[in-house]
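Now for the letters of each chain:
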Amino acid sequence: MNVLLLSMPDSFEHMAPVAVRMPNGALTSLAGNVDPHHHVAVADLILAQGRVAATVDRLVAEHEPDVVGLSVMTFQRRTALKLIARIREQRPAARIVVGGYDPSLASTAYEGVADFVVRGEGEITFRELLRALESQTSVCGIAGLGYRDPAGGFRYAADRPVSSLDEAAIKPPRRAARVLDGYTLLGRPVDVIETSRGCTFDCSFCSIIEMRGRNFHTYDFRRILDDIRDCRDRGARALFIVDDNITLDVKRFAALCEAIADAGLQDIDYAVQATTASIADHGATLAPLMRKAGFRYVFLGIENVLDADLGFLKASAKNTKHEKGGRRAGNATLTAIEHLHAHGMFVVGGLIVGNPGDTRDAIEANLAFAREHVDWPYIQHPTPYPGTPMTTDLRDRGLVLHDRLEEYDGTTAVVRTEALPAEEIEFLRWRAERWMKLRHFPKALRHSPGFCLRHGAAMIRHTFRGASPRNWLSRNPARAAFARYRELRALEREYV
Ligand code: B12
Ligand code: SF4
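Keep in mind it's a predicted model, so treat the numbers as computed, not measured.

(A) The site of ligand 2, seen in detail. Inspection of the region around ligand 2 gives C199, F201, C203, F205, C206, I208, D244, N245 and K318 as its neighbouring residues. Its residues assigned to classes, the shell around ligand 2 comprises 6 nonpolar, 1 polar and 2 charged.

Listed below in C-alpha cells is the structure:
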C-alpha cells in the first residue's frame, strides 16, 4: 500500500521557522514499524510553511496514497481538518487516519471527519490497521483504534497498553521515508531521537499523563547509539532528545552521556528537556558528563518561581531540591541553572505565567527572573489542552476565554486570571520576552556565525514583528506594536 504521513505546518511564537524547523519523531517511528513492503512517504509540513496546499496536492498526486496519516497537536486541529477536506477531494479513495496528542485526547472531534483515530502510541496500532486494510479484514479488534462502524456510528476498541520499548516491541525510525528537506536548528541540520517514553510526575498542565498514564520506559543504549549514528550519517549536526522526562532516572542519563562520549558521538549539539530538581540534586556530577557528551541547550521546566503558582501547576515536587538524606531544601531552579552554566550549557527557561491567582506583580517577578537567569526564554501561558486536570479546573472557574483552538499555541493567552485580562497577560510577557531573546543573539552568532550573518536580520524581524517606525510615533509604541503583532499572528495561522 502507499502511505503518506503528514505533520502539520503550524508553528508558534518561540519556534521562528527561519531558525527552527524540526522533524516530527512520531512519523518516522510509524514508518519504521509498518510491514516493509508498504511504500511510506513522510512529509513534515513545517518545511513547506508558505506553500502547504500546493505541497500536499503535489505529494498526493505523486504518491497516490491508499492511506494518509496526519499527526496533530490541538492548536493544529483546524489546519488538519482543512487538509483532510482537501485530500478527500483530490483522492476520495484514500483512508484518512489521525494520531498524536489531539486525536488521542479529543477523539470525538475527528469522528465523521477521519476514517480512523489512533489513540496513544501508534506504531503497533498503525501496523495492524494497515494489515487489516490490505487483507480487507475487520479492524474492530485493533487495540487503540477508533473506526467507523459499518452499522453506523464511530466506535473505539480497548486502549492499547503502553509499550515496554524492549527491542522486539518498537523498531527504529525510518528516516529514509522523508520526502522533504530543510530541517534546521540555527543553521545546523537537526533531527530528533527518543531514549525513553513517559513520566511519573503529574503536572496539571501536561498532556502526558492522560495520554499514557504515569510510567517510564526506556530504550537500550545500543539502539539509541545506532539511532544517533543514523541521524549523523544523514547529516544531522544537532539533535533534540524528545523524551518526556529523561531526568527521571539520573543514573541512566549519566551513563548515557558517558556512552555517547565513548562512542565518539559528542560532536553533535544535543538539546534536551530536564527537571530542575534532578539537575540541582545531581548537577555536580551530571552536568560535566552532559557537557562531555555534547549537550548545549537544556530546556528546564521551571514553570514558575512562586510557590503558590507551583502549587496550582502541581509542579512543586519536580522543582524542589534535596539535601543529603532526602530532606527538601527549597526551590531547585537557581542551583540547577548554576550547574548548567558552570559547564557551558545554555538554559532554555520554561515558565508559565498567567495562572489564576497571578497579579501583575507575580507575572513581573517571573519575567524579572527569566531576564536575569535564563539564556533563552520559553515563557507560555496556561492553555486548556484536552484532558489535562488544569483544563477542567480553568473551565470550572470560568477563566477560559474561547474555543478557537488554533490560538491554543501556548503563547497566545486564552485564559484570564482572577485579576488580569488575558490580553494584558500576553502583552506583559511578549513585551519582555523580545528583549530577552535579542540578548541571546551574540551567543548564537559566536556559535553559528554563518547562519546568523545570513539570517540574523530575519530572526530579529521575527522576534520584533509588529514593531515599526510608524509605532514609534504613537503614544504607546509597545502597545501599538503588540496590536500589530496580534494581527500578523492571526494572518500567519492561515496555513491552508
Ligand atoms: C518534543 C516535543 C516538542 C518539540 C518538537 C516537536 C516536533 N517537531 O516533533 C518542540 C520543542 C519543538 C515542541 C514544541 C511545541 N509543543 Co511539544 N512536545 C514535545 C514532547 C515533549 C514530545 C513529543 C514527541 O516527539 N514524542 C515522541 C513521539 C514518538 O511520540 P508522539 O509524538 O506522542 O507520537 C506517538 C503517538 O502520539 C502516535 N502518533 C503521533 N502522530 C501520529 C500520527 C498518526 C497517523 C498515527 C497513526 C499515530 C500518531 O504515535 C506516535 C508513536 O507512538 C510532547 C510531550 C510532552 N511530554 O510534553 C510535547 C507536546 C506534544 N507539545 C505540545 C505543545 C502544546 C507544543 C507547543 C504548541 C507549545 C509548547 N508547549 O512548546 C509547541 C509547538 C510546536 C510548533 N510546531 O511550533 C503539547 C501538545 C498538547 C496538545 N494537546 O496538543 C505536548 C503534549 C506537551 C504538553 N503541553 O502537554 N514540542
Ligand atoms: S515533569 Fe514534564 S513530562 Fe512529567 S508531567 Fe511534568 S511537565 Fe509532564
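(B) Looking closely at the packing of aromatic side chains. Taken as a whole and assessed by the stated rule, the structure comprises 12 aromatic pairs. Between Y297 and F346 the ring centres are 5.4 Å apart and the planes differ by 35°, which places this aromatic pair in the tilted class. A residue pair is termed long-range when its members are at least 10 positions apart, and Y297 in strand β15 (residues 295-303) and F346 in strand β18 (residues 346-352) qualify at 49 residues. Summarising the burial analysis for this pair, Y297 and F346 share the class buried. Looking at R119, its charged tip hangs above the ring of Y156, at a distance of 4.1 Å from the centre. Positioned above the aromatic ring of Y219 is the side chain of R223, whose terminal nitrogen or guanidinium carbon lies 3.7 Å from the ring centre.

(C) Looking closely at the sheet that holds strand β19 (residues 376-380). The 6 strands lie next to each other as β10-β13-β14-β15-β18-β19, forming an open sheet whose pairing is parallel. The open sheet has two edge strands with one neighbour each: β10 (190-193) and β19. Neighbour to neighbour, the strand axes of the sheet diverge by 20° on average, direction disregarded. As paired strands, strand β14 (residues 269-274) and β15 are joined by 5 bridges and run parallel to one another.

(D) Molecular detail of the packing of helix α12 (residues 360-373) against helix α14 (residues 422-447). Where α12 contacts α14, the axes come no closer than 10 Å and their chain directions differ by 10°. Taken together, the axes of α12 and α14 are roughly parallel relative to one another. Between α12 and α14, the residues in contact are R360, I363, E364, L367, A370 and R371 and E424, I425, L428, R429, R431, A432, M436 and R439, respectively. In the contact of α12 with α14, the residues fall into 7 nonpolar, no polar and 7 charged.

(E) Highlighting the pattern of salt bridges. Under the definition given, this model contains 45 salt bridges. E492 is the salt-bridge partner of R465, the closest N and O atoms lying 2.8 Å from each other. Of this pair, R465 sits in the loop between α15 (449-463) and α16 (469-472) while E492 sits in helix α17 (residues 477-492), and the two are 27 residues apart along the sequence. For R465, a relative accessible area of 11% gives the class buried.

(F) Region of interest: the layout of surface pockets. As a volume, the largest pocket reaches approximately 250 Å³. Looking at the largest pocket, it is lined by 14 residues, and the ones nearest its centre are R119, G120, D159, E210 and M211. Those elements that place two or more of their residues in the lining of the largest pocket are α4 (101-105) and α6 (208-212). No other element matches the 3 residues that α6 contributes to the lining of the largest pocket. Residue composition of the lining of the largest pocket, grouped by class: 4 nonpolar, 4 polar and 6 charged.

(G) Fine view of the pairing of β19. As judged from the 5 bridges shared by β18 and β19, these two strands associate in the parallel manner. Opposite I352, over in β19, you have Q380 as the bridge partner. A crossover connection joins β18 to the parallel β19 through α12; in handedness this β-α-β unit is right-handed.

(H) Local environment of the site of ligand 1. Lining the immediate surroundings of ligand 1 are 41 residues, of which S71, T74, E123, D244 and Y378 lie closest. Between a nitrogen atom of ligand 1 and a main-chain N or O atom of D10, the distance comes to 3.0 Å. E123 has a polar side-chain atom sitting 2.7 Å from an oxygen atom of ligand 1. Of the residues forming the shell around ligand 1, the biggest block, 3 residues, is contributed by strand β4 (residues 67-71). The residue inventory of the shell around ligand 1, partitioned by class, reads 21 nonpolar, 13 polar and 7 charged.

(I) Unusual backbone geometry, seen in detail. The phi dihedral of L165 falls on the positive side, at around 65°, and the residue is not glycine. Of note, K314 is a non-glycine position whose phi angle comes to about 50°, a positive value. Here K314 is to be found in the loop between α10 (307-312) and β16 (320-322).

(J) Looking closely at helix α8 (residues 250-262). Between the first and last C-alpha of α8 there are 18 Å, a value that for 13 residues agrees with the 18 Å anticipated at 1.5 Å per step. Three or more residues of α8 are buried, namely V250, R252, F253, A254, L256, C257, A259, I260 and A261. On its buried face, α8 is in contact with β11 (196-197), β12 (217-218), α7 (221-233), β14, α9 (276-293) and β15. Following α8 by one or two positions, G264 adopts a phi angle in the positive range, close to 75°.

(K) Local environment of the packing of helix α2 (residues 52-63) against helix α3 (residues 77-90). In contact at an axis separation of 11 Å, α2 and α3 are set at 40° when each is read in the N-to-C sense. The angle between α2 and α3 places the two elements in the oblique class. Of the two elements, α2 crosses α3, and the hand of that crossing is right-handed. Counted together, V52, A53, V56, D57, V60 and A61 of α2 and L83, R86, I87 and Q90 of α3 form the full contact between these two elements. The class makeup of the residues in the contact of α2 with α3 is 7 nonpolar, 1 polar and 2 charged.

Calculation criteria
- Position labels on residues start from 1 in each chain and follow its written sequence.
- Chains and ligands are labelled by the order in which they are written, letters from A for the one and numbers from 1 for the other.
- A pLDDT threshold of at least 70 governs which residues receive local features in this predicted model, and a stricter bar of 80 or more applies before side-chain atom pairs are shown or counted, although totals over entire chains, interfaces and linings include all residues.
- Water and hydrogen atoms were dropped before computing side-chain values, which therefore reflect all heavy atoms in the structure.
- The cutoff for a nearby residue is simple: one of its non-hydrogen atoms must lie within 4 Å of the molecule or strand.
- In this classification, Asp, Glu, Lys and Arg are treated as charged, Ala, Val, Leu, Ile, Met, Phe, Trp, Tyr, Cys and Pro as nonpolar, and every other residue, Gly included, as polar.
- Stacked, tilted and edge-to-face are the three classes assigned to paired rings of Phe, Tyr and Trp, where Trp is represented by its six-membered ring and a pair needs centres within 6.5 Å; plane angles under 30 degrees give stacked, over 60 edge-to-face, the rest tilted.
- Strands are runs of DSSP state E lasting at least two residues, helices are runs of H or I lasting at least four, and both sets are numbered from the N terminus onward.
- Whether a residue is buried, partly exposed or exposed follows from its accessible area with a 1.4 Å probe, protein chains only, as a fraction of its type maximum: under 20%, in between, or over 50%, in that order.
- Consider the ring centre and the ring normal. A charge sits over the ring if Lys NZ or Arg CZ is within 6 Å of that centre and within 35 degrees of that normal.
- In this analysis, strands are considered paired if DSSP registers two or more bridges between them.
- Axis lines are fitted to C-alpha atoms, over the contacting stretch for helices. Their N-to-C directions set the angle, which ranges from 0 to 180 degrees.
- Note on terminology: angles under 35 degrees are roughly parallel, angles over 145 are roughly antiparallel, angles of 65 to 115 are roughly perpendicular, and the others are oblique.
- Here, residues are in contact when the closest pair of their heavy atoms is within 4.5 Å.
- Within this document, salt bridges are pairs made up of a side-chain nitrogen of Lys or Arg and a carboxyl oxygen of Asp or Glu, the two lying within 4 Å of each other.
- Every definition here rests on a 1 Å grid over the protein atoms only: cavities are sets of points where a 1.4 Å probe fits but cannot get out, pockets are open sets enclosed by protein on both sides within 12 Å along at least five of seven lines, and lining residues have some atom within 4 Å of a point.
- Grid points are joined across faces, edges and corners, and a volume is the space filled by probe spheres set on the points.
- Here the term right-handed applies to a crossover when the path leading from its first strand over the helix to its second strand runs clockwise, the strands being oriented away from the viewer.
- The definition of a polar contact used here is a pair of N or O atoms within 3.5 Å, where within protein one atom must be able to donate a hydrogen and the other to accept one, and adjacent residues in sequence count solely through side-chain atom pairs.
- Here, expected helix span is obtained from the residue count minus one, scaled by 1.5 Å.
- Note on convention: the crossing is left-handed when the near helix lies turned anticlockwise from the far helix by less than a right angle, right-handed when the turn is clockwise.

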